[in-house]
Amino acid sequence: MGYADFYRRSIEDRDAFWAEQAKLVDWETPPATICDASRPPFYRWFAGGRTNLCHNAVDRHLAQRADQAALIYVSTETGQEKVYTFRELHAEVQRMAAVLATLGVGRGDRVLVYMPMIPEAVFAMLACARLGAIHSVVFGGFASVSLASRIEDATPKVVVSADAGSRGGKVVPYKPLLDESIRLSQHKPGAVLLVDRKLAPMEKVAGRDHDWATLADRHQRTQVPCAWLDATDISYTLYTSGTTGRPKGVQRDVGGYAVALAASMKHIFLGKPGETYFSTSDIGWVVGHSYIVYGPLIAGMATILYEGLPIRPDAGIWWNLVEKYKVASMFSAPTAVRVLKKQDPAFLKKHDLSSLKALFLAGEPLDEPTARWISDGLGVPIIDNYWQTESGWPILTVANGIEKKASKFGSPGVPMYGFDVRLVHESTGEELTGAGQKGVVVLEGPTPPGFMQTVWRDDERFVQTYWSSIPGRQVYSTFDWGIRDEDGYFYILGRTDDVINVAGHRLGTREIEESISGHPNIAEVAVVGVADPLKGQVAMAFAVVKDASALVDDKARLKLEGEVMKVVDDTLGAVARPARVRFVTVLPKTRSGKLLRRAIQAVCEGRDPGDLTTIEDPAALQQIKDLVAS
Ligand code: ATP
Ligand code: MG
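Values in this document were obtained by computation on a predicted structure and should not be read as measured data.

Some thoughts on the overall build of the protein
Part 1: Summing up its helical and strand segments, the protein has 19 helices and 32 strands in all.
Part 2: C-alpha atoms of the protein, sized along the principal axes, occupy 70 × 55 × 50 Å.
Part 3: Expressed as a percentage of contacts within the protein between residues at least 6 apart in sequence, the contacts between residues at least 24 apart total 70%.
Part 4: The protein carries 71 positive and 75 negative side-chain charges, and their two centres are separated by 2 Å.

Things to note about the sheet that holds strand 20 (residues 382-385)
Part 1: On the basis of which strands lie adjacent, the open sheet formed by seven strands has the order 5-4-17-16-18-19-20 and mixed pairing. Of all the strands in the sheet, the pair left with one neighbour each is strand 5 (81-85) and strand 20. Direction aside, neighbouring strands of the sheet carry axes that sit 20 degrees apart on average.
Part 2: Strand direction decides the pairing type here: strand 19 (residues 358-362) and strand 20, joined by four bridges, are parallel. For phenylalanine 360, the partnering residue across the bridge sits in strand 20 and is isoleucine 383.

Let's talk about the side chain of asparagine 52
Part 1: Mapped onto the secondary structure, asparagine 52 falls in the loop between strand 3 (50-51) and helix 3 (53-57).
Part 2: One polar contact links the side chain of asparagine 52 to the main-chain carbonyl oxygen of alanine 129, over a distance of 3.0 Å.
Part 3: Each residue touching asparagine 52, except ones within four places of it in the same chain, is listed here: Ala129, Arg130, Cys226, Ala227, Trp228, Leu229 and Val254.

Some thoughts on the confidence of the model for the protein
Part 1: This prediction gives the protein a mean pLDDT of 94; 99% of its residues lie at or above 70.
Part 2: Element-level pLDDT for the protein is lowest in strand 29 (residues 505-508), with a mean of 77, against a maximum mean of 99 in helix 3.

Focus: the UniProt feature "domain: Acetyl-coenzyme A synthetase N-terminal" (unreviewed entry) in the protein
Part 1: In the UniProt entry, the feature "domain: Acetyl-coenzyme A synthetase N-terminal" (unreviewed entry) is given for residues 3-57.
Part 2: Secondary structure content for residues 3-57 is 42% helix and 11% strand, and the end C-alpha separation is 27 Å.

Looking at the nonpolar core
One recurring pattern in soluble globular proteins: nonpolar side chains tend to sit buried together.
Part 1: If you look at the biggest cluster of nonpolar residues, it comprises 122 residues, and the most contacted ones within it are Leu100, Leu126, Tyr291, Tyr294 and Tyr417.
Part 2: Among the elements that take part in this core, helix 6 (residues 119-131) stands out by supplying ten residues, more than any other.
Part 3: Setting aside anything within four residues of it in sequence, one finds leucine 100 in contact with Val105, Ala124, Ala127, Cys128, Leu131, Val158, Val160 and Leu193.
Part 4: The next biggest cluster of nonpolar side chains, apart from the first, holds 31 residues, and it includes Ile72, Ile304, Leu321 and Leu340.

Some points on the pattern of salt bridges
Part 1: This model, assessed by the stated rule, comprises 41 salt bridges.
Part 2: Close ionic contact of glutamate 513 with arginine 597 constitutes a salt bridge, the shortest N to O distance being 2.8 Å. Residue glutamate 513 is located in helix 16 (residues 509-517), and its partner arginine 597 is located in helix 18 (residues 597-604); the two are separated by 84 residues in the primary sequence. Take glutamate 513 and arginine 597: they sit in the same class, and that class is buried.

Observations regarding the pairing of strand 11 (residues 191-195)
Part 1: When you tally the buried positions in strand 11, you get five out of five residues, the bulk of the element.
Part 2: By the bridge criterion, five bridges tie strand 8 (residues 158-162) to strand 11 in an arrangement that is parallel. Counterpart to valine 159 in the pairing with strand 11 is valine 192.
Part 3: Summarising the sheet, strand 11 and strand 12 (residues 209-211) pair through three bridges and their orientation is parallel. When the sheet's bridge partners are listed, leucine 194 is paired in strand 12 with aspartate 211.

Overview of the environment of alanine 262
Part 1: Within the element layout of this structure, alanine 262 appears in helix 10 (residues 255-267).
Part 2: The class of alanine 262 is buried, set by a relative accessible area of 10%.
Part 3: In this structure the C-alpha to C-alpha distance between alanine 262 and leucine 551, which are 289 residues apart in sequence, comes to 51 Å.
Part 4: With near-sequence residues (within four places) excluded, alanine 262 lies in contact with Leu24, Val25 and Ile298.

What counts, and where the lines are drawn
- Residues numbered from 1 in each chain as written.
- Chains lettered and ligands numbered in written order.
- Predicted model: local features only at pLDDT ≥ 70, side-chain atom pairs only at ≥ 80, totals over all residues.
- Heavy atoms only, no water.
- Helix = DSSP H or I, 4+ residues; strand = E, 2+ residues; numbered from the N terminus.
- Contact = heavy atoms within 4.5 Å.
- Lys, Arg positive; Asp, Glu negative; His and termini not counted.
- Charge placed at Lys NZ, Arg CZ, Asp CG, Glu CD.
- Pairing = 2+ DSSP bridges.
- Axes fitted to C-alpha atoms, helices over the stretch in contact; angles between N-to-C directions.
- Polar contact = N/O pair within 3.5 Å; in protein donor to acceptor, adjacent residues only side chain to side chain.
- pLDDT = per-residue confidence, 0-100.
- UniProt positions renumbered as here; feature names shortened; annotations may be inferred.
- Core = buried A, V, L, I, M, F, W, Y, C linked by side-chain atoms within 4.5 Å.
- Buried < 20%, exposed > 50% of the residue type's maximum accessible area, 1.4 Å probe, protein only.
- Salt bridge = Lys/Arg side-chain N within 4 Å of Asp/Glu carboxyl O.

Encoded structure:
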C-alpha cells in the first residue's frame, strides 16, 4: 500500500485503521471501542481495553529476548558504561516499583522524577507505569523556582531524585535545589527517594528522605506484577518547554500512547526488534519519554541513555557509540548538529557508521546548510520531523516504513497518519487549500492516539488555549505558521507569536532569519520584533558569524551589517529589513536548543526577561543586554 492510501484510511476509516495498529501491543483486555469522539475535544482512545506500558516495554519481551540488551547506559561525565538486558531491566524496574510501593505509591498517585540521565531515572518511569502511578519528569536543568511550581501543580506523593548531575565534567548538585523547591512549594511530598551517586554531599531530612540503595537492597527479589490499567487512564504529565509562556502540564493516556509509539517505531523510525536506537535527547523532554524510554523498548530495541556532551571527550563520541553499539536509528536536534558542525568534520569519518539507517531531527526548524552538512557527512537520510510535547509523536514527517519517500530540504514532510492537518487563515478561520498559501497549522479532531488528553487538572485551559483560537471552528492550534507545496509537503514558518508588525506589514521573524542565513558569513541568527514609536515594531537581528575576522573593527562590523541588510532587501524587500543587525558569539537558547526569542525581545525592550532557568548559557543574553545598552 502506498502512503497516500495508508494516510487516507487513517482519516476516513479511522476505527478500522487504529484497531489494526492496536494489535502491535499486548492487551490484557482488548478495547471495546476504538475512538470515542462523543465529547470533543476530549477524545478517548481504546476505551474498555486494559494494558500496561511497562508490560509492553519490558515484560512481554522476556519470552523472546530476555538476554538481549535493553538499556545501554553511557556516561562520559562519570566514565560509567553499563548494559542491562531485558531480564535485568525487568528485575531493576521491579525493585524500584517495590520501593515506591513501600513509600505508599499506588495507582493514580503522582511521582515527580527530578533526575540526571542515569538508569534509575528510567527504572523510576517504568516502575510508575508498572504500578499505574503517574510520573511527572522535570528536566534536571531546572532550578528551584521552576521545580517548585511543578511540584505544586503535580502534587506528588514521592519525588525521586539524586545527589547531583554532571555537565561538561562539572558537578551540578540537585539535592539543595530540590530542598529549596520543596520549601517554596505549598505542596509537600511525603517522601523523597534519593540515588546517591557520590558526586556531591547530601543532607537527608529525617522522616522524609530515603536512600535508594538501602531500600533497594531489601527488595532484591520482590516481584511486583504490572497493574492492568484502563487504556484511558493517565500515564504521565509533562510540561511544555515554556518557550512562549507559562508551561502547560500535558497529560497523556496509557493505551493510546502505547499504540501510537509502537506504530511510529515501525512506520516512521524503521525500528526492528534487536536493533539499537540512540536518541540524544533528555528524559526531561517529550522526545526522551517517547523515543529514549517507551518507543524503542516497546519495539524490543536496545536504547542508549547517554549522559554527557556531544563534544566530550571529543566531537566523535556519538559516532563512536554508533559504531560500538551498531546503532540503527538515531534521533537528535538541529541545535546539536550545529554544535558538531563547528568542530573538525574529520570526526564524522573516523568511525564505521554502516549500521546507521537514518538520522531523525526534531524540535526546531532544520535549516538547509545544517541538513546538508550532516547528510553529506553521514551518508544516510536525514529525516526532519515536526511535532510538539502535546502530540507525543511526529505530526509531519515521512513514513519510510510504509513507502520510501524523498525528504525535501526545509520541509519536515507530510501529515502523519491519524493527523488531519489543515492550514487556516488566522483571523477568518477560512481553510487555505492552495499551494503556497500561508496559514496557521491546525488539526481537525479527533486527534490521534498518543495525543494529549487535556491539560493536567485544567480542562478549561485545554479547551481555551488549544481549541478556541481560530474563529468559528473548533480545531486544535499548533500555534505554528506553515505553508504547503503542490506535492503536499509542509514548511513550518515559525510560531504564530513570532510575527512582527512593521508599519502595518506582518512579517514572520523566521522568514527574515532564513533570508539573513543566505549571507555566506552568517552561521546563525535570531530576529525579534521590538516596539518602535513610529513603526509599531521593528525587526532586530542578532547574528553569529562563521568567520570572526570579518568583525575586526567597527567599520568592518558596519560593512557586514550593511551586507546583511542588502540580502534581506533583495530577498524579502526593504519592509523586512532589520533596523539593526548586531553580532554576538552565541545566541540565548534553552537547554533543548530552542531560541529564546521572547527573552531577547524583552531585553531589547528593556523589560524583565522572566523565567530563565532553562537557558543554556546566561552570558548569551548578557551579550545582547550589553549591545542594547551601548
Ligand atoms: P511552549 O509551548 O511552552 O511555548 P514549546 O512549544 O517550545 O514550549 P515543545 O512542545 O517542546 O515546547 O516544542 C514544540 C514546538 O517546537 C513546535 O510547536 C514548533 O514550534 C517547534 N518545532 C518542533 N519540531 C520542529 C521542526 N521539525 N521544524 C520546525 N519547528 C519545530
Ligand atoms: Mg508549544
